[in-house]
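Observations on chain architecture
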Amino acid sequence: MPTTKTERLEIRLSDDVVRVRQLTRSLAVEVGLSLVDQTKIVTASSELARNTLDYGGGGQVTVEIVEQGGRRGLRLTFDDKGPGIADVEQALKDGFTSGKGMGLGLGGAKRLSNEFSIESKLGEGTKVSIARWK
Amino acid sequence: MDRIPILKFGNALLVTIQVDMHDRLATALEEDLTAKIVAHNARGVLIDISALEIVDSFIGRMLDNIAAVSRILDADTVVVGMRPAVAITLVELGLSLTGVKTALNVERGMAMIQSRLSESEADDADDKD
Amino acid sequence: MDRQVGSDIASLVSRNEQTILPEWMELQKKAGTLHIGRISEGELQSQSRNFLHLLRDALGKGGSDVSDPAYEPAKAMLAELSRSRALQGFSPSETARFIFSLKEPLFNALNRDKKLSADQIASTVWSTTLLLDELGLFTLEIFQKSREEVIVRQQREIAELSTPVVKLWDGILALPLIGTLDSQRTQVVMENLLQTIVDDEAEIAIIDITGVPTVDTLTAQHLLKTVAAARLMGADCMISGIRPQIAQTMVHLGVELNVISKATLADALSLALRQTGRAVVKVKTAALENKKIGGQET
């Protein structure tokens, strides 16, 4: 689908998590998301950025303004070459009940987004993608 | 590194968070507050988050921790001024912050702390009778 | 699909633009596009010319396959056109006619082209028909979506209008809900209530569901989320107007409302007043006292 704007950020330090939030916010404003929707996707970006840092050993995020069928949206893709997640389904469930650790970030990010997808391979890395549409 | 200022307000401590905190700053705040609660024998901690546009799970856990620590040190923590968009997002995220008391603004938060203190003092007085 | 066919049609369009464009305009005018003056002739002319060029470019680069990325600019322009026609009050067929009426001028140009054999003309006509049909359907899809967006927006407005937040007393708000609570509506209602809590510095919000016909698990979840959010902000919530049937349904569904609930709004208000440190007293005694002393009414 066509992308009208792409920005990339490296996630290596905890300061980068703030930068990811700020970038997501400014592009969310550009897409024209409502305040609540902006808050949701910026919060989701913070969770996933932190996961990338804490569990993925660092990585990068690609933030894109996308268009499909006349609708505008914001897509974020978090990439790391970390250890990967053994059981993705479990990771999505875990956090919801325990409220701790990586799980809350993944499950939470999923609940806060219109679209969510995750690819992870043990020993190779993880790729998480979320999107919110206007 | 900048640290978030903590003000003394009678027998309570007041913290106003106005910046988008990075993790180190949040951790430093936790430590500073704990130290100051003991140093000033504070009975209440008021955290004003009315300027925060985002509260994620890290900040949420920080607030939970501060509330838990202060409880052990015999102080009440009240978080005030949460924005509607933040509240809606936190609920969706699944963070219930059950250990944290909340109030609409600083005034109400202070009133809450003071009334709980006078309640507990009255209880103590009753016990002594 | 066939790139060669694509570039053939593209060059056909280029060579014959001077005849195709006016013929197409005529057909659109005959179909009544300019009727009632929703758009001007100049606008239609530039829309048509613009699209023709975009189509020609797409054909040249992407062949006759509409799903090829080369078609994005043309589709984007069509989406824009379709959307604005939907808002301007055109009917779906009037809008799709923009594409379909292009067939005739294209085929006329094909037939006039002496360089092509009968077979070539036949297969080109077929590819062009498929292509324009796809684009026509695309136009209709976008049109439909635009109309749906209008409906959604209107629903939102109705939701906002039909769920006013009422101030019962200093610091006490009431939200009388009427009708079904779907996801979309609940969001609007929630945001409205929470913002009013901030604006009014409310301490208690009473959500009255007398007017809500059924409470299923989803509705209950929405209610609980609203209560949770209000609590995080420092306000307390109560639910009133739970009819006996609803109470039974909730028990059967295993829904637990961890919030104070009262049968009527009046009961909830009474409790809210007490919780905010107020009492309601009868003034009869005071007035009688005044009469005895001989005081005057002011």
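Just above, that's the structure.
Since we're looking at a predicted model, the values are computed, not measured.

1. Focus on the interface of chain A and chain C
With four residues of chain A at the contact, the number on the chain C side is six residues. Along the lines of polarity and charge, the residues of the side of chain A that touches chain C split into two nonpolar, two polar and no charged.

2. A look at the sheet that holds strand β5 (residues 101–103) of chain B
Pairing between the strands of a sheet is mediated by backbone hydrogen bonds and can be parallel or antiparallel. Residues and elements named next belong to chain B. Spatially, five strands are ordered β1-β2-β3-β4-β5 in an open sheet, and the strand pairing comes out mixed. Strands with a single pairing partner mark the edges of an open sheet, and in this sheet they are β1 (6–9) and β5. For this sheet, the mean inter-axis angle between neighbouring strands, taken without regard to orientation, is 25 degrees. For strand β4 (residues 76–80) and β5, the ladder comprises three bridges, and the chain directions are parallel. Residue pairing in the sheet places V80 in a bridge with A103 of β5. Where helix α2 (residues 57–72) meets the sheet, its contacts fall on β3 (44–48) and β4, and the angle it forms with β4 comes to roughly 155 degrees.

3. A few points about the sheet that holds strand β3 (residues 71–80) of chain A
Residue and element names in this part refer to chain A. Strands sit in the order β1-β2-β3-β5-β4 across an open sheet of five strands; the sheet is antiparallel. Since the sheet does not close on itself, it has two edges, and those belong to β1 (3–11) and β4 (115–121), each with one partner. Within the sheet, the average angular offset between the axes of one strand and its neighbour, ignoring direction, is 15 degrees. Of the strands in this sheet, β1, β2 (59–68) and β3 touch helix α1 (residues 14–31), which is tilted by about 170 degrees from β1. Along the sheet face, helix α2 (residues 35–54) touches β1, β2, β3 and β5 (125–133) and points at about 15 degrees away from the line of β3.

4. Describing the environment of I130(A)
All names here are of chain A. The residue I130 is located in strand β5 in this model. The spatial distance from the C-alpha of I130 to the C-alpha of T77 is 6.6 Å, given a sequence separation of 53 residues. Filtering out sequence-adjacent residues up to four positions away, I130 remains in contact with A44, L76, A109, S113, E115 and F116.

5. Brief notes about the interface of chain A and chain B
In this assembly, 22 residues from chain A lie in contact with 16 residues from chain B. At the level of elements, α1, α2 and α4 (101–111) of chain A are the ones that each hand at least two residues to the side of chain A that touches chain B. With nine residues, the top contributor of residues to the side of chain A that touches chain B is α2(A). Within the side of chain A that touches chain B, the residues separate by chemical class into eight nonpolar, eight polar and six charged.

Cut-offs applied
- Residues numbered from 1 in each chain as written.
- Chains lettered and ligands numbered in written order.
- Predicted model: local features only at pLDDT ≥ 70, side-chain atom pairs only at ≥ 80, totals over all residues.
- Contact = placed C-beta atoms within 7 Å.
- Nonpolar A, V, L, I, M, F, W, Y, C, P; charged D, E, K, R; others polar.
- Pairing = 2+ DSSP bridges.
- Helix = DSSP H or I, 4+ residues; strand = E, 2+ residues; numbered from the N terminus.
- Axes fitted to C-alpha atoms, helices over the stretch in contact; angles between N-to-C directions.

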